[in-house]
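Examining the three-dimensional arrangement
Here is how the chains run, residue by residue.
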Amino acid sequence: MGEAMEIVVDDLTGAEIAAFIAEHIEEMKAVAPRPESKHALDLEGLRAPDITFWTVWHEGLLVGCGALKELDEQNAEIKSMRTSAAHRRNGVASALLDHMLSVARARGYRSLSLETGSYEFSAPARALYEKFGFEYCAPFADYEEDPDSVFMTKSLG
C-alpha cells in the first residue's frame, strides 16, 4: 500500500468511525443467516471499559479497525475486525492483527480468542486467523454453539 499504515487507539467519537462501524453492522446483518448469529458490537458496546479499540489509517483514510476485549486477566477476545472494501487484501488486517497480538502479549494475556462467521463471506477472515496460528475451538465466554459461527483461539505462551 505504499506509505505506512498508522494504527491508533480510537475513542470512537469521530464521524468517520461511526459511519465505518455502522457499515460493519449493516454488512453483518446482510450476511449473517440469522439475526441471533450477528455478534458485532455497536459504538456504545465498543466503548466499554474492558475494550481497547484501534483504527487503521492510510494516507488520511480510515481503512480498518479492530478491538481487544479483556475477558479476564489472562484471556482476551478480538472484536470488530474490519477492513474497508477498497483496501481488502492489502495487508490492513494482518498489520492490525499483528499489532493486537503484540499488545495482548505485552498485557500478559495467555490466550486470544474470537468468533467469526462459518459462512462463505467470512472465509478470508478464517484464512487470516489460521495463517496467524489460531485454531478452532469450542464456544468461549458467553457464546453458545451456533451453526453460523466458528470460534478460534491462540495460545500466547
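The structure under discussion appears in the preceding block.
Quick caveat: nothing in here was measured; it's all calculated off a predicted structure. (Residues numbered from 1 in each chain as written. Predicted model: local features only at pLDDT ≥ 70, side-chain atom pairs only at ≥ 80, totals over all residues. Heavy atoms only, no water.)

**Focus on helix H3 (residues 92-106)**
Put simply, the rule is: Secondary structure counts use DSSP, requiring at least four H or I residues in a row for a helix and at least two E residues in a row for a strand, with both numbered from the N terminus. Helices are assigned an expected span. That span is 1.5 Å times one less than the residue count. Residue burial is assigned from relative accessible area. The probe radius is 1.4 Å, only protein chains are included, and a residue is buried under 20% of its type maximum, exposed over 50%, and partly exposed in between.
With 15 residues, H3 extends 21 Å between its outermost C-alpha atoms, agreeing within 8% with the 21 Å of an ideal straight helix rising 1.5 Å per residue. Within H3, burial applies to Val92, Ser94, Leu96, Leu97, Met100, Leu101, Val103 and Ala104.

**Brief notes about a negative patch on the surface**
Here is the rule we go by: Patch criteria: residues need more than 30% relative accessible area and no salt bridge. Like-charged residues are merged within 9 Å; nonpolar side chains of Val, Leu, Ile, Met, Phe, Trp and Tyr are merged within 5 Å. For the accessible areas, the method is Shrake-Rupley and the probe is 1.4 Å, while residue cover comes only from the protein chains on display. By salt bridge we mean one thing: a side-chain nitrogen of Lys or Arg within 4 Å of a carboxyl oxygen of Asp or Glu. In this count, Lys and Arg are taken as positive residues and Asp and Glu as negative ones, while His and the chain termini are left out. Charge coordinates come from a single atom per side chain, which is NZ of Lys, CZ of Arg, CG of Asp or CD of Glu.
On the surface, Asp50, Glu70, Asp72 and Glu73 cluster together into a negatively charged patch. For Asp50, the location among the structural elements is in the loop between helix H2 (43-46) and strand E2 (51-58). On the basis of relative accessibility, which here comes to 31%, the residue Asp50 falls in the partly exposed class.

**Concerning the packing of H3 against helix H4 (residues 123-131)**
Applicable threshold: Angles shown run from 0 to 180 degrees and are taken between the N-to-C directions of axes, each axis being a line fitted to C-alpha atoms and, for helices, limited to the stretch in contact. Here the angle decides the label: under 35 degrees means roughly parallel, over 145 means roughly antiparallel, 65 to 115 means roughly perpendicular, and every other value means oblique. For a crossing to be left-handed, the near helix must be turned anticlockwise from the far one by less than a right angle; the clockwise case is right-handed. What makes two residues a contact is simply this: any of their non-hydrogen atoms within 4.5 Å. Only Asp, Glu, Lys and Arg are considered charged in this grouping, and only Ala, Val, Leu, Ile, Met, Phe, Trp, Tyr, Cys and Pro are considered nonpolar; every other residue, Gly among them, is considered polar.
In the contact formed by H3 and H4, the axes pass within 11 Å of each other and the chain directions differ by 45°. What the angle tells us is that H3 and H4 run oblique. Our pair here, H3 against H4, has a crossing hand that is right-handed. Touching Ala93, Ser94 and Leu97 of H3 are Leu128, Tyr129 and Lys131, all from H4. Here the residues of the contact of H3 with H4 sort into four nonpolar, one polar and one charged.

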